[in-house]
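# Architecture and fold: a report
What follows is each chain in one-letter form.
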Amino acid sequence: MKYDCLIIDDEKLLADSTAEYFNLFGVNTAVAYSASECREFFKENTAQLLLLDINLGDGSGFELCRELREKTQIPILFISARTSDDDKIIALNIGGDDYVQKPYSLGVLLAKVRVVLKRYGQSVNTNYFDKYSDDRLTVDFNARQVLVEGSPVKLTSLEFKLLAYLIKNRDKVISKQELFENVWEDKFTGDGTLNVHIRKIREAIEREPSNPEYIITVWGDGYKFSGVKE
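Residues numbered from 1 in each chain as written. Predicted model: local features only at pLDDT ≥ 70, side-chain atom pairs only at ≥ 80, totals over all residues. Heavy atoms only, no water.

### Structural notes on the pairing of strand E6 (residues 76-80)
The test is simple: Throughout, exposure labels follow a simple rule: accessible area from a 1.4 Å probe, protein chains only, divided by the maximum for the residue type, with under 20% read as buried, over 50% as exposed, and the rest as partly exposed. Only DSSP runs of H or I reaching four residues or more are called helices, and only runs of E reaching two or more are called strands; each is numbered from the N terminus. Any two strands with at least two DSSP-identified bridges between them are counted as paired.
Burial analysis of E6 places five of its five residues in the buried class, the great majority of the element. Where burial is concerned, the two faces of E6 agree: the one with Ile-76, Phe-78 and Ser-80 and the one with Leu-77 and Ile-79 are both buried. Sheet analysis places strand E3 (residues 46-53) next to E6, joined by four bridges and oriented parallel. Within E6, the position partnered with Asp-53 by the bridge is Ile-79. As paired elements, E6 and strand E7 (residues 98-101) share four bridges and run parallel to each other. Bridge pairing in E7 places Leu-77 opposite Asp-98.

Here you go:
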């Protein structure tokens with residue numbers, strides 16, 4: 001069966017009430033109360049978005065995220081009562097697309113989920129070209145594939161969309177606010193979240209991530225993609 005959202009959380013009352021609320025407003029949602037139940041879910045079902053708690057009764061949400069990222073690039077939003085900035089950084093580094101603090105407002109969380117579902121339900125805008133390629137980097141927008149020197153590299157769905165947006169607007173300085181509004185579709189995303197994703201993309205595609213050739217920081221303004229289209 002196809003679901004819009006899967007909540008993976010061992011706090012059963014919270015998970016059930018969140019799923020009930022989402023379903024009431026038309027977001028088809030299922031619940032798994034453990035990592036093992038999540039694995040069983042994907043044997044017969046699919047989901048377009050995961051809400052994943054860090055603390056699970058039978059393991060760590062971080063480890064489950066790493067495992068899932070070997071098989072799927074669907075967006076993963078971490079939900080947690082933990083407030084450490086280190087947890088947020090780890091969540092983004094291992095492939096999470098965002099971090100939601102508990103206790104959360106059901107209405108606010110539903111709005112965020114709808115934005116993500118809308119974002120990933122749409123294909124990358126390719127008005128100008130379907131592929132970027134030079135002698136080192138190839139980005140195929142239709143196949144959603146990134147190759148560096150002929151070898152595929154892994155990016156999360158959000159990282160791919162961010163890279164695609166920068167390439168589409170190559171040699172143009174893109175402000176952080178523009179990226180928040182057009183990639184995240186969320187004006188309130190923080191600089192720290194954006195910086196983590198930019199760093200992960202650089203680690204995947206740059207020869208020297210600390211001295212990037214493709215994604216250039218324009219201090220005080222934003223970022224630009226510098227490259228030559230064949």
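### Topic: helix H4 (residues 85-93)
Under the convention used in this document: Taking the helix axis as origin, the arc is that swept by the directions to the C-beta atoms.
Those residues of H4 not exposed but buried are Asp-87, Ala-91 and Leu-92. Burial along H4 is one-sided: seen end-on, the buried residues are contained in an arc of 130°. Within H4, the exposed residues directed more than 90 degrees away from the buried face are Asp-85 and Asp-86.

### Brief notes about the confidence of the model for the protein chain
To keep things clear, this is the line we draw: The predictor reports its confidence for every residue as pLDDT, a score running from 0 up to 100. Contact criterion: two residues are considered in contact whenever any of their non-hydrogen atoms come within 4.5 Å of each other.
In this model, the protein chain carries a mean pLDDT of 84, and residues with pLDDT of at least 70 account for 92%. Looking at the elements of the protein chain, mean pLDDT is at its lowest for H4, recorded as 79, and at its highest for strand E2 (residues 29-32), recorded as 94. Below a pLDDT of 50 lies the segment residues 122-128, which in the model reaches eight contacts outside its immediate sequence neighbourhood of four places, other chains included.

### Re the pattern of salt bridges
So the rule is basically this: Each salt bridge in this description consists of a side-chain nitrogen of Lys or Arg and a carboxyl oxygen of Asp or Glu lying within 4 Å of one another.
A complete count under the given rule lists twelve salt bridges for this structure. Residues Lys-102 and Glu-11 are paired through a salt bridge, measuring 2.8 Å at the closest nitrogen-oxygen approach. Of this pair, Lys-102 sits in the loop between E7 and helix H5 (106-121) while Glu-11 sits in the loop between strand E1 (2-8) and helix H1 (12-24), and the two are 91 residues apart along the sequence. Under the relative-accessibility criterion, Lys-102 is labelled buried at 8%. In this structure Glu-11 comes out as partly exposed when scored by relative accessible area, which is 40%. For Glu-213, the salt bridge goes to Arg-207, with nearest N and O atoms at 2.8 Å. One continuous salt-bridge network, built from bridges that share partners, spans Asp-9, Glu-11, Asp-53 and Lys-102.

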